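# Architecture and fold: a report
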Amino acid sequence: MASFKPTKIQVYPKLGEKVTQDTLYWKNYKAPVQIKEFGAVTSIDFSPVTPHNFAVTAFTRIHIYGPFSQEPVKSFTRFKDTAYCGRFRSDGQLLVAGCEDSVVRLFDVSGKVALRLFKGHTKAVHLTDFTSDRYQILTGSDDYTCRLWDIPNATELTTYTEHTDYIRCGVTSKLNRDLFITGSYDHTVKLFDARVEKSVITMDHGQPVESVLLYPSEGLLVSAGGRHVKVWDLLKGGQPLVSLKNHHKTVTSLALSSNGQRLLSASLDRHVKVYNTTNYKVVHNFDYAASILSLGLAPDDASIVVGMTNSILSIKHRKNQEDSKEIAGQQRRRPSYRVFVKGKNYVPKQDDYLVSKPVKEHLAKYDKQLQRFNVSKALDTALGTYIRFRKPEITVAVIKELDRRGTLKNALAGRDERGLSQLLNFIIGNLVDARFTPVLVTAAEMILDIYQSVIGQSPVVDRQLLRLQDLVKREIEFQKDLLEVLGMLDTMFASSLPRKEVPCSGIATLDWV
Amino acid sequence: MVEHGDIRVVHCGGSKINFRDPVITHDSRFLLCASGEAVKVFSTSTEECIHELRGHTGLVTGVLLRPSNHLQVYSSSLDGTLRLWDFTDGILIKVGQRFQLVAVHLPQSGDQMVEAQELSAVLSGVNPNPAAIAFGRGGEFIASVNDLQLEVYFFKKQKSYRFFLKEDNKKGGWNTFTCVACHPKDDCIATGHEDGKIRLWRNFNHKKEYTYSTLHWHHSTVSSLCFTPEGTNLLSGGVESVLVQWRYNQESERDFLPRLGGAITHITVSPDGSLFCTSHSDNKITIIQSCVKVSAVIQGLVKGDSIRTDLMMDPRSKALVLNGKPGHLQFYSLQRDKLLYNLDIVQQEYIHESGLQQFEVVKAAFDASGSWLATVEERHQKAAELELNLKLWAFDEQTQSFVLNTTISAPHDAQITAMCFCQPTDSQTTLLVSTSKDGHFKAWQLAAPAHTEDEGPSWLCDFVSAYHGLVPECCSFSADGSLLAVVFQEVVTVWSPSTWELLTTLSQPPGAVSDLCFGRLSCSKYLLGTTASNLLCWNLLTCSLEWTTSMDVRRLVADPLSENMAAFCYQSGSTDLFVFKPSEPRPLFSHKAVCSGKVTQAVFAPREEMLESCEESSQWLNRSQLYFLTHFSLITRFLLSPLKLVIDDSVAMTPFYLLLGKHRQQQQETALPQTSTSLLLLFFPFFSQLLQTPAHVLPSTSYLCSMFVQSLLISAHAEEEMESEKEEEDSEEEMESSRSKPELAAAAATESDTPALTKAQARELRRVRKLDHSWLAGLLDS
């Protein structure tokens, strides 16, 4: 005697994004903290030393925030015009910033007044950075020049005038004190060696360069400009490696996740995208409220800081391990594992006589009713509110099973106005779902057959039938349009591949009027 | 001294065991059932087949215990004979030549012959179904049903009564009788009807005042009824596959045993009432304890209406695989003629209702190592879309069974016509190709999960293609997996699976190519195809037709272990077999008229041990055996028969052989004087017999010893003994005659043939005869 086989519920693939390890990792952040700044946030820089404060450059101020504070721990306000590119030195003691008034200021992080002023540029300075020997400063300006300055004397050491447009971004090597890279609106990225008078490598990005980034190993260089993010291999003399085009507006900022496995790019299209650096595929995506100008990532990905054009600074902190554990602990109020296995893990001894207990199979309510051939009741159960709205695939599976048993007509018949309108509601809601269409079309045809004699007696049912008719009409129109598009595509494929066979996939057609 | 003889066709199993109702022996230890041309004896506790009673040359139509001897059984057959068997030892006891019997029935205390004769005399127009006749209480009357009529014949009164039912009472229920059973103690007849009703007839020895009551539970035809021996319960079964147990006289109380399998065809009860057994339409016998609990299941090879999946060999278990029960795939051991297990493909509750379209397994394929199984199930309901599912099963080493890996619903828009796996064993990627009536063929590949690691790899569509809108009929991979051939009606297209390029097309009109296979090993450059009238062979190196012959090939099978191919051709009502190598023009072996009717299913099964036959015509059977399925659901195979034995070894060492042999020797030696040496010579075969006969069939050593000593003592006082011996012998011969008449007759014949003997010879003869008979008698008595 075989046991009753329960109704098979079709497992449909989950629509929407797949849950991956990356999704789980990047979703594990708390709700963002939003801070209103005085103007558009153009730069965010994290201090390399603990507690990893970060400097936020917005309008004429630079604020320094602590890792958990929502108020700035320090602010530098002595700028005459818009400040740019506030950056920490590698020991976290000094901060340099450019300004619209072409003066570069050097601050002590604990002080308030600028320690040094570097004057020499003729236009706004958008790029400032310390070299890795800590005694020099690199600046780049809208006057097409970039310069190296000596900190103790506040004197200019070298001027490079190779760029032919604004210099808006750049980075110094962390490993070699003489190397630095600048990106300019003349579409080029240039690698300079301070020991030589001119640039060593020139790379053509193709668009005005907005941001450059060096890998920790400094073998690879990432540049962002226009809609493109490009990766260059410096060890091969600046050979382009990959070109990514995942944003639909200018990419403004780049960051590397602390372990170097993921690359983040922020864009004016309000998205931050996360790439896997082994295959350069997008693995995650953040949405923000406004166009993003700057992006900062704390060491160990502890927080993501994003500055936007609407002068809002958004800080997302990573959830603590302990926090999530606490939540899990609260949820667990069930009997312990010990209770369940009590006596079940007993191993019978040699002389024991084993009495096996038949395992009782659990059947769902509709399955029990199907087993007893109570077809109408089974359909009623499957149309219960929870199942109908939350798990329509169960309702459809039961309808399909009834159809297979040849008893769907009996189950559908003999319903009052309420029951019928409930049924019609379900059909209207799910008929155009391609997964359920074949089953529900059969059911709808049967309902029309059964109840055609009582049409016109109930306004509720009549209204629903009209809705159903409307729905089907619209769906048929859609299908026609789709078939037209498919035909056009086929023509295009056929003309592009003259010799090969054309793979054409069929489309589910709704042949019901 | 065994020589290799001819190649024979041997029926090797898979016959029906549900053809007639089985019989349970008095001690409830054995179950006997008719199975093709044999009667099979099963153990009711272990489900194993113990004996096969072979001897009939036609279909066995009935099995019945001999009422006077519990250890003997009668069987009737379409060959017109009635045979009596001892089923515990599996020995044929008696053959009775009779008219062609359709069924045998015996009352509890009747003699079979009388009844059979009367049956033919008293009732005319008897339903050929044996369930439609039953003997009543102690053999007093016989009840028979046919159409709408119940006829009861009383033996004592020599009178019959007929009762009619109206054609159709209401709501389209058919009143037609289907089966009948009589109460063993009471005057009551139970009849089953096509509308699912059971009627209990009483008072039927009056023409007018008969009564009946109706029991209704079954929703469709009642196919079998049976009373328990004490008459307390009535068992009924039908299409619903539910065994219903009704209390006699308390019919509202019922016990049910649902979901037994296929539709119930027969119900029998053991003579002591402790076991019930039901036969099912899916070639199964279920043994049920009287507490309504299934205790054993004997399952034969299930052959439904059609074999939709081809015959296949499971590469792991070497079992034959084909579709069995609805929605299942059966694994059948050819060596043991036993069903190993059923794999549930559809995984849905089977609804026992006639006229209902259910999912059926229509295609299945194994990959070369047996680690993947692909199945296609379909359900075609009129006025609805075709429902198709392609399922891929992975072999699980731990549970030693197939586990569902991927379900692809609606893999194609129309029916799938063929499916095959890529053959090579060394490649990492497995490829499955399916062709469909929608004009496309698709390639499926095992793909790693796209994102998360927690789910295993699953199958995805890799490639879709078509050829000029033609319908692909079959597909085949070459032995190394480098080529894929897909037949589009008259055109054979050859593709490269690595790049999915169309390499070449071959066509040889007229006629659509229906079967296709690549040559193997040394013949791998050949591609063979069959059309309705031709067998074609292409050379793939030159892309041209190598040879063609005109024959109506119904099935082309390639041996996986050699270059050989077998073609079954249908010609004028019977099927011929040709075994050939694609590279050679002459067939290796041909066999005309293998069987009548068409053979559409055949398979090569690898042998467990390779044979070493040097004869050319039988070499093709060295590595594998060819099995095919005939029309009658029998699996047959070709066998190398080790037949021709040297005569000295072949003839059994019977006493009569001794007698004869000695006699001939004596004839040669008549001239010699009777000396001890000649005596020793005479006795030599006797010694050799003593030494050669297996020990367990010899009488006890003490007995033999005295015999031996006696034989040595003859020469001294032979004359005195002679008279007394003669008397003894006569009386003994009379005694023996009842037991071994034919043997004695043969002996007598030899005696009459022989010329007159000398006195000493005759005495010697008698002595030996006497001795032999006595120990033969001893054997029989024991």
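Check the entry above for the structure.
So, here's what we can say about the structure. Model, not experiment: these values are computed from the prediction.

Parameters at a glance
- Residues numbered from 1 in each chain as written.
- Chains lettered and ligands numbered in written order.
- Predicted model: local features only at pLDDT ≥ 70, side-chain atom pairs only at ≥ 80, totals over all residues.
- Heavy atoms only, no water.
- Helix = DSSP H or I, 4+ residues; strand = E, 2+ residues; numbered from the N terminus.
- Buried < 20%, exposed > 50% of the residue type's maximum accessible area, 1.4 Å probe, protein only.
- Areas by Shrake-Rupley, 256 points an atom, 1.4 Å probe, with all protein chains shown as cover.
- Contact = heavy atoms within 4.5 Å.
- Salt bridge = Lys/Arg side-chain N within 4 Å of Asp/Glu carboxyl O.
- Polar contact = N/O pair within 3.5 Å; in protein donor to acceptor, adjacent residues only side chain to side chain.
- Nonpolar A, V, L, I, M, F, W, Y, C, P; charged D, E, K, R; others polar.
- Axes fitted to C-alpha atoms, helices over the stretch in contact; angles between N-to-C directions.
- Left-handed = near helix turned anticlockwise from the far one by under 90°.
- Pairing = 2+ DSSP bridges.
- Patch = residues over 30% accessible without salt bridge, like charges linked within 9 Å, V, L, I, M, F, W, Y side chains within 5 Å.
- Core = buried A, V, L, I, M, F, W, Y, C linked by side-chain atoms within 4.5 Å.
- Phe/Tyr/Trp six-rings, centres within 6.5 Å; stacked < 30°, edge-to-face > 60°.
- Lys NZ or Arg CZ within 6 Å of the ring centre and 35° of its normal.
- Expected span 1.5 Å × (residues − 1).

Here we come to the overall build of chain A. Along chain A, the regular secondary structure elements total eleven helices and 28 strands. Here chain A, with 513 residues, has 47% of them falling under the buried criterion. As presented, chain A carries roughly 27,900 Å² of accessible surface, and 53% of it is formed by carbon and sulfur atoms.

This paragraph deals with the interface of chain A and chain B. Tallying the contact residues gives 22 residues for chain A and 32 residues for chain B. Inspection of the chain A/chain B interface yields three salt bridges. One salt bridge in this structure joins Lys5(A) and Asp344(B), with 3.1 Å as the shortest N-O distance. One can count five residue pairs in polar contact (both at pLDDT 80 or more) joining chain A with chain B. Here the side of chain A that touches chain B gets four residues from one element, more than from any other, and that element is helix α7 (residues 392–404) of chain A. When the residues that make up the side of chain A that touches chain B are grouped by side-chain class, the tally is six nonpolar, seven polar and nine charged.

Looking now at the packing of helix α9 (residues 417–430) of chain A against helix α10 (residues 437–451) of chain A. All names here are of chain A. Relative orientation of the contacting elements α9 and α10 amounts to 145 degrees, with a least axis distance of 10 Å. In the packing of α9 onto α10, the handedness of the crossing is left-handed. Packed against α9, whose contacting residues are Leu420, Leu423, Leu424, Phe426, Ile427 and Asn430, the element α10 presents Leu440, Ala443, Ala444, Ile447 and Tyr451 at the interface. Here the contact of α9 with α10 is built from residues that sort into ten nonpolar, one polar and no charged.

Remark on secondary structure: sheet strands pair via backbone hydrogen bonds, oriented parallel or antiparallel. Residue and element names in this part refer to chain B. The sheet built from four strands is open, its strands ordered β34-β35-β36-β37 with antiparallel pairing. At either end of the open sheet lies a strand with only one pairing partner, and these are β34 (416–421) and β37 (458–466). Neighbour-to-neighbour, the strand axes of this sheet turn through a mean angle of 20 degrees, independent of strand direction.

Let us look at the pattern of salt bridges. When their charged atoms lie close together, side chains carrying opposite charge are able to pair. Within the structure shown, the criterion is met by 33 salt bridges over all chains. When the shortest N-O distance is used, the salt bridge between Lys391(B) and Glu377(B) registers 3.4 Å. With Lys391(B) in strand β32 (residues 387–396) and Glu377(B) in strand β31 (residues 372–379), this residue pair connects regions lying 14 residues apart in the sequence. When sorted by exposure, Lys391(B) lands in the same class as Glu377(B), which is buried. Residues participating in the shared-partner salt-bridge network are Lys400(A), Asp403(A), Arg379(B) and Glu387(B).

Moving on, we come to a nonpolar patch on the surface. Taken together, Val485(A), Met488(A), Leu489(A), Met492(A) and Phe493(A) make up a surface patch of nonpolar side chains, about 480 Å² in accessible area. Structurally, Val485(A) is set in helix α11 (residues 459–496).

Our focus in this paragraph is the sheet that holds β32(B). Residue and element names in this part refer to chain B. Read across the open sheet, the four strands follow the order β30-β31-β32-β33; overall the sheet is antiparallel. This sheet does not close on itself; its edge strands, each paired only once, are β30 (360–366) and β33 (401–409). Pairwise comparison of adjacent strand axes, ignoring direction, gives a mean angle of 25 degrees for this sheet. In this structure, β32 lies alongside β33, joined through eight bridges in antiparallel fashion. Each residue of the ladder has a partner; that of Phe395, found in β33, is Phe402.

Membership of the largest hydrophobic core comes to 39 residues, with the highest contact counts inside it found for Ile399(A), Leu402(A), Ile427(A), Leu431(A), Leu440(A) and Ile447(A). When residues in this core are grouped by element, the largest group, eight residues, is from α10(A). Core analysis: the second largest hydrophobic core is formed by 31 residues, Tyr467(B), Val487(B), Val491(B) and Trp538(B) among them.

What follows concerns the packing of aromatic side chains. Under the criterion given, the structure shown has 38 aromatic pairs over all chains. Seen from their ring centres, Phe441(B) and Phe488(B) are 6.2 Å apart, and the 55 degrees between their planes marks the pair as tilted. Here Phe488(B) lies in strand β39 (residues 484–488) and Phe441(B) lies in strand β36 (residues 440–447), a separation of 47 residues in the sequence. Take Phe441(B) and Phe488(B): they sit in the same class, and that class is buried. Each residue in the set Phe441(B), Phe463(B), Tyr467(B), Phe488(B), Trp495(B) and Trp500(B) is aromatic and connected to the rest through ring pairs, giving one cluster. Above the ring of Phe38(A), the side-chain terminus of Arg61(A) is found at 4.1 Å from the ring centroid. Sitting over the face of the ring of Phe19(B), Arg20(B) holds its NZ or CZ atom 4.5 Å from the ring centroid.

It is worth spelling out α9(A) at this point. All names here are of chain A. Between its first and last C-alpha, α9 extends 20 Å over 14 residues, near the 20 Å set by a 1.5 Å rise per residue. Those residues of α9 that sit buried are Gly419, Leu420, Ser421, Leu423, Leu424, Phe426, Ile427, Ile428 and Asn430. In this fold, the buried residues of α9 make contact with α6 (385–390), α7, α8 (408–412), α10 and α11.

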